[in-house]
Amino acid sequence: MASGGIVHLVGAGPGDPGLITVRGARLLRRADVIVYDRLVNPSLLAEARPDAEMVDVGKPPSRGGEHLQEEINELLIERARGGARVLRLKGGDPFLFGRGGEEAAALAEAGVSFDVVPGVTSALAGPAYAGIPATDRNLASAVRIYTGQQSRNPQPLSPTNQTSIVLMGVRTLANTVRAMLMAGWPEDTPAAVIEQATTSRQRTTTATLETIVGASAEVGIRPPAIFICGNVVGLRDSIGWLEKKPLFGHRLMVLRGETRAAELITLLDDAGAEVVHVPAVAFDGAEDWTEPDSAIERLVGFQVIAFTSVNGVDFFMSRLLDSGRDARSLAAARIAAIGPATAAALNRHGLNADLVPGRFTTGALADAIASESEQGDTVLLPRGNLADDALPAALREHGLEPTPIVVYRTLPGPSLAERAKAAMERGIDAVLLTSPSTARNLVEALGDDRSLLDGIPVISAGPTTSRGAENVGLRVAQEATEHTADGLVDAALAWAGSN
C-alpha cells in the first residue's frame, strides 16, 4: 500500500449536519476522496476540499445491496492503495445497521489501514428531536433497537418497562406491530413513527400500538422513518421542542462565500431551520496590482479609507504588509467601515473604525463619510472586482473624490451548479443571498437549468444584493434591513411569518 493511504469509516449522523462529531468533521475537511451514502446531508459535503473526489454510492431501497456493497468495498480498497485519504461517510452510525462492520472486515482482509469514527444514531437522535426520550427512570429502564429490513422480524421480548425502536421498518411496520401484540404488548401502549428525523421535514405521528399502522398510512409516512413504542412516547406532549422553533419546517439554501458562513448557519439552526450551505463564491487577490500598489505608495494623500467588506479589509491589509508597510501607514486617514462585520475585520488587523453608519448600506456609508469630511476630501475604496458604482457616485454627489481600487476577485464557488441542483432536487423552501455575486454566480452556473429557481422565494441581505438579484432575473420576496447575519435571520423570520 502506498504511504498515507487510509480509510476513515465516519458516521454522518441522522440528518442534521450539526450532529456529526468534531473528529468526523475534521477528517471530512482533509479527505482526498469522500464516498457517501444516500442519506448523508448535502450540507456536510460543502465542507469538503474543493479538489476532493466525491463518490455517491447511495443505494435506493429498491436496489439489492450485495453486489453494490462489493463494489463499494473494492472502491475503498483501490483508492486507499493508491495513497489517498478516503472518508467513507455513512448516515447515522456506521456500526449500527450500516454495514460498516462488513466494510471494516473487507479493509482488514485487504491489509488496508482504517479507523472508525462513531456517529450519532437516528435510533436515539430521532426520538430525541421528536421530544421522546428512549429511557426514563419511571417509564423505561431498557431500550431495544431492531432493524425492520429482516425478512422475519424478531419476536420482541416482554414489554415490561422497556422501549422498542425499529429502524428501516416502514414497509414491515404491520408485521412488527403484529409481533409485538403477540408478544404481549398492550394494545394501548403509546407509539410513534418519526419521518425524516432531525431535519426540517421531520414529521411525527403518534397513536397507540393498535392504531399506529392505520395512522401512519393515513398521513402517508414514507422512508426514512423510525418506529418507537413504549410509555416514553407519552412524554412528547410535554417536552417536544423542535417543532416550537420559529423556522422549523423550512429548508433554506444559503449561498455564501466558502468562508464566514458559520455565524449565519448557527443563527438559522438555532431558529430551527435546516440549512443547506452551498458555497457560491470563492475569492482571490487582484489580477493586476498596479493601481492598489500605487495607492499604497501614496496613502498619506487620502483623508478617508472606506471598506465595504471583510474581504476588502483582508486583501488590502495583506498587500500592505507585503509592501513592507504596516497599519502605521494608515495613521493620517480616517477609517470607515460599512458595518460591524467589516469593523471586526479591521479590529483583527489592529485597527479601529472611525466611522460605522447606523444603517449598513452604501448610501448610509456615503452620508456618514460626508458628515465628517470637507469638500474635495479624497476617499480610498479598496473593494472587489464586481463592486458597482453606487458608493463612488454617492461620494461624488457629496463633493468628495473617491478612488476605487480592486484588491480581490470574486469567483464562482467550487461545484456550484452540482451542489445547488442537488439541494433543489431535495426540496428548498427559500434561497438566502448574501451578496450580488452569489445571485449572479448561481444563475450563471445553472445556465439552462435556471428554471429550477422558479417559484422559490429569495431572501436578500440588503438593497445592493436585491439589485444584483433582480439584474439576473430573480424576484426578491424579503429584504434584510441590516446587512448582517442577524439582519438576514430577521428577514428569514419575517418571510416565514408571512407565509
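See the structure above.
Since the structure is predicted, the reported quantities are computational estimates derived from the model, not experimental observations. (Residues numbered from 1 in each chain as written. Predicted model: local features only at pLDDT ≥ 70, side-chain atom pairs only at ≥ 80, totals over all residues. Heavy atoms only, no water.)

A. A look at the overall build of the chain. The helix and strand inventory of the chain stands at 18 helices and 19 strands. Oriented by its inertia axes, the alpha-carbon framework of the chain measures out at about 90 × 55 × 45 Å. Taken across its 499 residues, the chain has 51% of its residues classed as buried. For the chain, the exposed area adds up to about 22100 Å²; of that, 49% sits on carbon and sulfur atoms. Taking the average location of the 45 positive side-chain charges in the chain and that of its 60 negative ones, the two points are 5 Å from each other. (Helix = DSSP H or I, 4+ residues; strand = E, 2+ residues; numbered from the N terminus. Buried < 20%, exposed > 50% of the residue type's maximum accessible area, 1.4 Å probe, protein only. Areas by Shrake-Rupley, 256 points an atom, 1.4 Å probe, with all protein chains shown as cover. Lys, Arg positive; Asp, Glu negative; His and termini not counted. Charge placed at Lys NZ, Arg CZ, Asp CG, Glu CD.)

B. Here's a closer look at the nonpolar core. Core analysis: the largest hydrophobic core is formed by 25 residues, its most contacted members being Leu299, Phe316, Leu330 and Leu380. Mapped onto this core, the elements with two or more residues apiece are helix H10 (290-297), strand S13 (304-307), helix H11 (310-322), strand S14 (334-337), helix H12 (340-348) and strand S16 (401-412). Among the elements that take part in this core, H11 stands out by supplying five residues, more than any other. In this structure, Met253, Val276, Leu453 and Val472 belong to the second largest nonpolar core, which totals 24 residues. (Core = buried A, V, L, I, M, F, W, Y, C linked by side-chain atoms within 4.5 Å.)

C. Examining helix H4 (residues 100-110) more closely. Turning to H4, its buried residues number three or more, namely Gly100, Glu103, Ala104, Ala106 and Leu107. Each buried residue of H4 lies within a common arc of 160 degrees when the element is viewed along its axis, so the set occupies one face. A positive phi of about 75 degrees marks Gly111, the residue just after H4. (Arc of directions from axis to C-beta.)

D. Region of interest: the packing of helix H9 (residues 262-270) against helix H18 (residues 485-497). One way to put it is that H9 packs onto H18 with a least axis distance of 9 Å and a crossing angle of 35 degrees. For the pair H9 and H18, the crossing hand works out as right-handed. Contacts between H9 and H18 involve Glu263, Leu264, Leu267 and Leu268 from the first element and Ala485, Asp486, Leu488, Val489 and Ala492 from the second. (Axes fitted to C-alpha atoms, helices over the stretch in contact; angles between N-to-C directions. Left-handed = near helix turned anticlockwise from the far one by under 90°. Contact = heavy atoms within 4.5 Å.)

E. How the structure looks around H18. Here H18 contains 13 residues, and its C-alpha end-to-end distance of 18 Å stays within 8% of the 18 Å for a straight helix at 1.5 Å per residue. Considered for burial, the residues of H18 that qualify are Ala485, Gly487, Leu488, Val489, Ala491, Ala492, Trp495 and Ala496. (Expected span 1.5 Å × (residues − 1).)

F. Expanded view of the pattern of salt bridges. Under the definition given, this model contains 23 salt bridges. With a shortest N-O distance of 3.1 Å, Arg23 and Asp115 are connected by a salt bridge. Of the two residues, Arg23 sits in helix H1 (residues 22-30) while Asp115 sits in strand S5 (residues 114-117), which places them 92 residues apart along the sequence. Measuring nitrogen to oxygen at the nearest pair gives 3.2 Å for the salt bridge that ties Lys90 to Glu103. (Salt bridge = Lys/Arg side-chain N within 4 Å of Asp/Glu carboxyl O.)

G. Region of interest: the sheet that holds strand S3 (residues 53-56). Read from one edge of the open sheet, five strands run S3-S2-S4-S1-S5, paired in parallel fashion. Sheet topology places S3 and S5 at the edges, where each strand pairs with a single neighbour. Neighbouring strand axes in the sheet, compared pairwise and without regard to direction, differ in orientation by 15 degrees on average. Strand direction decides the pairing type here: strand S2 (residues 33-36) and strand S4 (residues 85-90), joined by four bridges, are parallel. (Pairing = 2+ DSSP bridges.)

H. Just unusual backbone geometry, in detail. Cis geometry is adopted by the peptide bond preceding Pro224, which originates at Pro223 and carries an omega value of -5 degrees. Considering the arrangement of structural elements, one finds Pro224 in the loop between helix H7 (212-219) and strand S10 (225-229). Positive phi outside glycine occurs at Gln196, with the angle close to 45 degrees. With respect to the helices, strands and loops of the structure, Gln196 is situated in the loop between strand S8 (190-195) and strand S9 (203-208). A residue is classified by how much of its surface remains accessible, and Gln196, at 26% relative accessible area, is partly exposed. Notably, Thr198 is not glycine yet its phi reads approximately 70 degrees, a positive angle. Here Thr198 lies in the loop between S8 and S9. Thr198 sits in the buried class, given a relative accessible area of 5%.

I. Representation of the sheet that holds S10. The sheet built from five strands is open, its strands ordered S6-S7-S10-S8-S9 with mixed pairing. The sheet is open, and its two edges are formed by strand S6 (142-147) and S9, each paired on a single side. For this sheet, the mean angle separating the axes of adjacent strands, direction not counted, is 15 degrees. Relative to S10, strand S7 (residues 162-167) is paired through four bridges, and the arrangement is antiparallel. By the bridge assignment for S10, Ile165 is matched with Ile228. Helix H6 (residues 173-182) rests against S7, S8 and S10 of the sheet, and its axis sits at about 15 degrees to S10. In this fold H7 packs onto S8, S9 and S10, with an angle of close to 150 degrees to the strand it touches most, S9.

J. Region of the structure containing the side chain of Asn73. You can see Asn73 is positioned in helix H3 (residues 66-81). Exposure remark for Asn73: the relative accessible area of 14% places this residue in the buried category. Those residues in contact with Asn73 that lie beyond four places of it in its chain are Glu103 and Ala106.

K. Quick peek at the environment of Arg79. Of note, Arg79 is situated in helix H3. Taking the C-alpha atoms as reference points, Arg79 and Val33, separated by 46 residues in sequence, lie 7.7 Å from one another. Once residues lying within four places of it in the same chain are set aside, the contact partners of Arg79 are Val33, Glu53, Ala84 and Val86. Engagement of the side chain of Arg79 in a polar contact is seen with the side chain of Glu78, the distance being 3.5 Å. (Polar contact = N/O pair within 3.5 Å; in protein donor to acceptor, adjacent residues only side chain to side chain.)

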